[in-house]
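Spelled out, the chains give:
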Amino acid sequence: MLATTLPLRLHFLSPKLILRPPLFPVHFRHTDIKNPVYSRGCNKLFSSMSSDLMDSSCTSKDGNLSVHSITDDLKNQSLSEEKKLKLKLEDLKWDHSFVRELPGDPRTDTLPRQVFHACYSKVSPSVEVENPELIAWSESVAELLDLDPKEFERSDFALKFSGASPLEGGLSYAQCYGGHQFGTWAGQLGDGRAVTLGELLNSRGERWDLQLKGAGKTPYSRFADGLAVLRSSVREFLCSEAMHGLGIPTTRALCLVTTGKSVTRDMFYDGNPKDEPGAVVCRVAQSFLRFGSYQLHASRRKEDLDIVRTLADYTIKHHFPHIENMCKTESLSFSTGMQGTSVVDLTSNKYAAWVVEVAERTASLIASWQGVGFTHGVLNTDNISVLGLTIDYGPFGFLDAFDPSYTPNTTDLPGRRYCFANQPDIGLWNIAQFSSTLAAAELISEEESNYSMERYGTKFMDHYQSIMTRKLGLLKYNKQLVNKLLNNMAVDKVDYTNFFRLLANIKADASVSEDELIVPLKAVLLDMGKERKEAWISWVKAYIQELVASEIPDEERKVAMNSVNPRYVLRNYLCQSAIDMAEQGDYEELRRLLKVMERPFEEQPGMEKYARLPPAWAYRPGVCMLSCSS
């Protein structure tokens with residue numbers, strides 16, 4: 001076991017950027033990594049890049065085409081426009097390849113236990129209900145499933161999506177997986193309160209899993225009841241759809257149902273449990289496989305190593321089919337950059353091509369989070385999707401006042417392992433664990449594992465630089481300008497979302513007087529003394545010089561910036577307002593908030609209050625920060 005201490009630096013900005021006052025160090029435990037690339041990892045990984053913005057959609061830093069970029073074109077080819085199907089629940093097209101093609105648990109009981117040699121256990125929802133009620137739903141998710149929106153009006157809809165009544169054609173199960181939690185291997189975890197109802201095939205040939213979170217006990221529930229409360233279910237439902245609205249890969253949410261029964265929870269772990277309304281959210285994703293799905297079997301060695309290969313083959317076949325179709329003519333051969341200059345040929349080993357694409361998807365995802373100021377809060381390997389989706393919404397948070405050390409997770413406070421600034425490095429750590437798993441199963445070599453981590457770093461920086469360039473409305477990346485901006489924002493605790501939205505109002509006019517320079521930003525630059533005001537004036541001057549040099553008309557630039565800088569994000573206090581009303585039986589705020597977050601980049605007349613700075617009560621415990629189980 002290798003123990004390493006890394007300073008908490010803003011690697012995603014620049015390896016040389018250090019904020020004052022200095023942030024706390026974070027102690028990482030690196031388990032089962034024998035990879036020389038990782039041990040020197042982050043310093044090389046986030047090394048200085050050229051100030052000229054590279055087109056990350058086409059080439060890597062060394063000019064080579066990446067697996068991710070080549071396959072994007074294949075995956076994103078639009079299908080001919082077909083008449084949209086509108087099916088009843090009874091007519092949905094089920095397939096169940098996961099259960100059919102992978103080894104399962106021979107037992108069907110829900111007794112908490114270790115489940116060996118299996119990827120899942122067949123179980124049915126066991127949640128108790130009393131007059132369940134459908135309180136929120138997403139018509140755009142229904143469209144993904146070819147489900148007629150009129151089905152939401154069915155009298156038995158709440159029964160079926162609480163888990164109290166089975167879906168015709170469904171085949172329910174709970175996944176078996178493990179994971180590292182806060183850097184320590186936790187062994188078997190699994191779906192402790194989630195039951196997948198089955199796997200649908202829509203009219204476009206896409207696979208979609210329907211999963212009920214809070215549906216009752218499974219063999220993986222350990223000492224818990226497998227249920228969920230309304231507050232956590234509201235947060236998961238809203239953030240799934242809010243992230244989709246922001247254009248960030250995510251699991252989705254079809255609907256939210258209250259059970260009519262109470263669930264006892266000790267929210268602050270302080271010995272004061274209380275009864276709360278129970279609820280179930282229906283999550284939807286093309287797969288809920290996560291890094292821990294492969295890790296658990298590798299950790300058990302012997303015959304379970306064969307399950308790693310079986311599961312990898314299944315994943316590539318159904319979710320990365322373009323990889324199996326690659327051939328030598330695509331010339332995906334790369335130097336690893338290691339001493340001795342070994343070469344990785346991604347067309348000769350589909351597992352190597354796969355791990356590289358997983359690394360690149362993960363890098364792009366985390367760069368997107370950094371761009372909108374999103375902090376996941378619990379980046380354990382059991383919470384990292386193999387498809388590069390945002391998955392498992394627990395104590396998440398969007399930045400209000402810009403603070404790189406912000407974590408929304410009370411459990412994370414002692415070390416801030418999963419704070420906003422640390423997310424890129426944790427992504428690398430998790431990729432190291434995933435690639436080590438495949439290496440243990442002898443699916444990839446050490447060189448291929450190394451290369452996946454190198455690709456993570458290059459992809460992250462390319463994508464992050466592209467995002468920040470577009471947020472500033474520039475034509476090319478200016479590292480010094482970005483670093484100085486984020487330093488200023490951190491010192492003055494500037495609201496992240498509102499600042500970038502207001503920035504579009506700056507004019508490319510070098511003749512503007514100093515007194516007028518920061519007027520367009522006055523709503524977010526609050527309570528500044530002379531020194532800080534001068535710092536901002538200096539930055540705006542440099543920014544205007546870049547705007548003038550770009551020669552982009554102000555209005556054209558403003559439209560472009562507003563298309564990437566959201567007006568609305570799902571701040572924690574907005575969630576809490578909806579939760580407070582929902583717990584009183586009023587669901588209108590929940591539904592209104594959903595509609596606002598579905599169109600986050602648009603100005604929505606009458607909805608301006610959802611873009612306001614947080615009120616004082618937003619910083620109370622249970623609002624701005626939550627526990628892992630919230």
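Look up a bit, the structure's there.
Residues numbered from 1 in each chain as written. Predicted model: local features only at pLDDT ≥ 70, side-chain atom pairs only at ≥ 80, totals over all residues. Heavy atoms only, no water.

Q: Can you walk me through empty space enclosed by the protein in this structure?
A: The method is simple in principle: a probe with the dimensions of a water molecule rolls over the atoms, and the space it marks as empty is what remains. On inspection of all chains with the given rule, the structure shows four cavities of 30 Å³ or more. If you add up the space inside the largest cavity, you get close to 80 Å³. Lining the largest cavity are 13 residues, with Leu 365, Trp 369, Ile 384, Ser 385 and Leu 389 positioned closest to its centre. Here the residues of the lining of the largest cavity are counted per class, giving seven nonpolar, six polar and no charged. (1 Å grid on protein atoms, 1.4 Å probe; cavity = no way out; pocket = protein on both sides within 12 Å on 5 of 7 lines; lining within 4 Å. Points joined across faces, edges and corners; volume = space filled by probe spheres on them. Nonpolar A, V, L, I, M, F, W, Y, C, P; charged D, E, K, R; others polar.)

Q: Honestly, the environment of Asp 492 in this entry has me stumped. Any pointers?
A: Relative to the helices and strands, Asp 492 resides in helix 14 (residues 479-492). Of the residues examined, Asp 492 reaches a relative accessible area of 19% and is grouped as buried. With 90 residues separating them along the chain, Asp 492 and Phe 402 place their C-alpha atoms 8.1 Å apart. For Asp 492, the residues in contact, after removing those within four places along its chain, are Met 528, Arg 532 and Trp 536. (Helix = DSSP H or I, 4+ residues; strand = E, 2+ residues; numbered from the N terminus. Buried < 20%, exposed > 50% of the residue type's maximum accessible area, 1.4 Å probe, protein only. Contact = heavy atoms within 4.5 Å.)

Q: Even after reading the chapter, I still don't get the packing of aromatic side chains, so can you show me in this structure?
A: How two aromatic rings sit relative to each other is set out by the distance from centre to centre and by the angle between their planes. Considering all chains together, one arrives at 28 aromatic pairs under this definition. A centroid spacing of 5.5 Å and a plane angle of 85° characterise the contact between Phe 499 and Phe 500, whose relative ring orientation is edge-to-face. Phe 499 sits in the buried class, given a relative accessible area of 0%. What links up through ring pairs into an aromatic cluster is the set Phe 402, Phe 420, Tyr 496, Phe 499, Phe 500, Trp 536, Trp 539 and Tyr 543. Lying over the aromatic face of Trp 429, Arg 417 brings its terminal NZ or CZ to 4.7 Å of the ring centre. (Phe/Tyr/Trp six-rings, centres within 6.5 Å; stacked < 30°, edge-to-face > 60°. Lys NZ or Arg CZ within 6 Å of the ring centre and 35° of its normal.)

Q: Can you help me understand the packing of helix 14 against helix 15 (residues 496-503) in this one?
A: Two quantities define a packed helix pair, namely the angle between the axes and the distance from one axis to the other. The contact between helix 14 and helix 15 brings their axes to 12 Å, and the two run at 130°. By the angle between their axes, helix 14 is oblique relative to helix 15. In terms of crossing hand, the pair formed by helix 14 and helix 15 is right-handed. Each of Leu 485, Leu 486 and Met 489 in helix 14 lies in contact with helix 15, whose residues at this interface are Tyr 496, Phe 499 and Phe 500. A per-class count over the contact of helix 14 with helix 15 returns six nonpolar, no polar and no charged. (Axes fitted to C-alpha atoms, helices over the stretch in contact; angles between N-to-C directions. Parallel < 35°, antiparallel > 145°, perpendicular 65-115°, else oblique. Left-handed = near helix turned anticlockwise from the far one by under 90°.)

Q: Even after reading the chapter, I still don't get helix 15, so can you show me in this structure?
A: For an α-helix, the turn length of 3.6 residues means that residues three or four places apart are oriented alike. For helix 15, a buried count of seven out of eight residues is recorded, marking the element as mostly surrounded by other parts of the structure. All buried positions along helix 15 are accounted for by Tyr 496, Thr 497, Asn 498, Phe 499, Phe 500, Arg 501 and Leu 503. Residue Asp 495 occupies the N-cap position of helix 15, its side-chain oxygen lying 3.5 Å from the main-chain nitrogen of Thr 497. (Polar contact = N/O pair within 3.5 Å; in protein donor to acceptor, adjacent residues only side chain to side chain.)

Q: What am I meant to see in the pairing of strand 7 (residues 184-188) here?
A: Within a regular strand, side chains alternate between the sheet's two faces. Where strand 6 (residues 178-181) lies against strand 7, three bridges are found, and the strand directions are antiparallel. Bridged to Gln 181 within strand 7 is Thr 184. (Pairing = 2+ DSSP bridges.)

Q: Would you mind showing me how to read the nonpolar core here?
A: One broad rule of soluble globular proteins: the nonpolar side chains tend to lie buried together. Membership of the largest hydrophobic core comes to 135 residues, with the highest contact counts inside it found for Trp 354 and Phe 499. The greatest single-element share of this core, amounting to 14 residues, is contributed by helix 11 (residues 350-372). In this view, Trp 354 contacts Tyr 294, Ala 312, Thr 315, Ile 316, Phe 320, Ile 323, Val 386, Phe 434 and Leu 438; residues no more than four positions away in its chain are not counted. Of all hydrophobic cores here, the second largest spans 35 residues; its members include Ala 118, Ala 142, Val 195 and Leu 200. (Core = buried A, V, L, I, M, F, W, Y, C linked by side-chain atoms within 4.5 Å.)

Q: Whenever I open this one, the packing of helix 19 (residues 572-582) against helix 20 (residues 588-597) confuses me. Can you help?
A: Close contact between helix 19 and helix 20 brings their axes to 8 Å; oriented N to C, the two are set at 150°. As judged from the angle between their axes, helix 19 and helix 20 are roughly antiparallel. Taken together, the residues of helix 20 that come into contact with helix 19 (itself represented by Leu 574, Cys 575, Ser 577, Ala 578 and Met 581) are Glu 589, Leu 590, Leu 593 and Met 597. Looking at the contact of helix 19 with helix 20, its residues break down into seven nonpolar, one polar and one charged.

Q: How should I be thinking about the state of the cysteines in this particular structure?
A: Among covalent bonds in proteins, the disulfide is the one between the sulfur atoms of two cysteines. Applying the stated rule across the entire model yields zero disulfides. Among the cysteines around Cys 282, which has no disulfide bond, Cys 255 carries the closest sulfur, lying 4.8 Å off. Cysteine Cys 575 is unpaired, with the sulfur of Cys 239 as its nearest cysteine sulfur at 6.7 Å. (Disulfide = S-S within 2.5 Å.)

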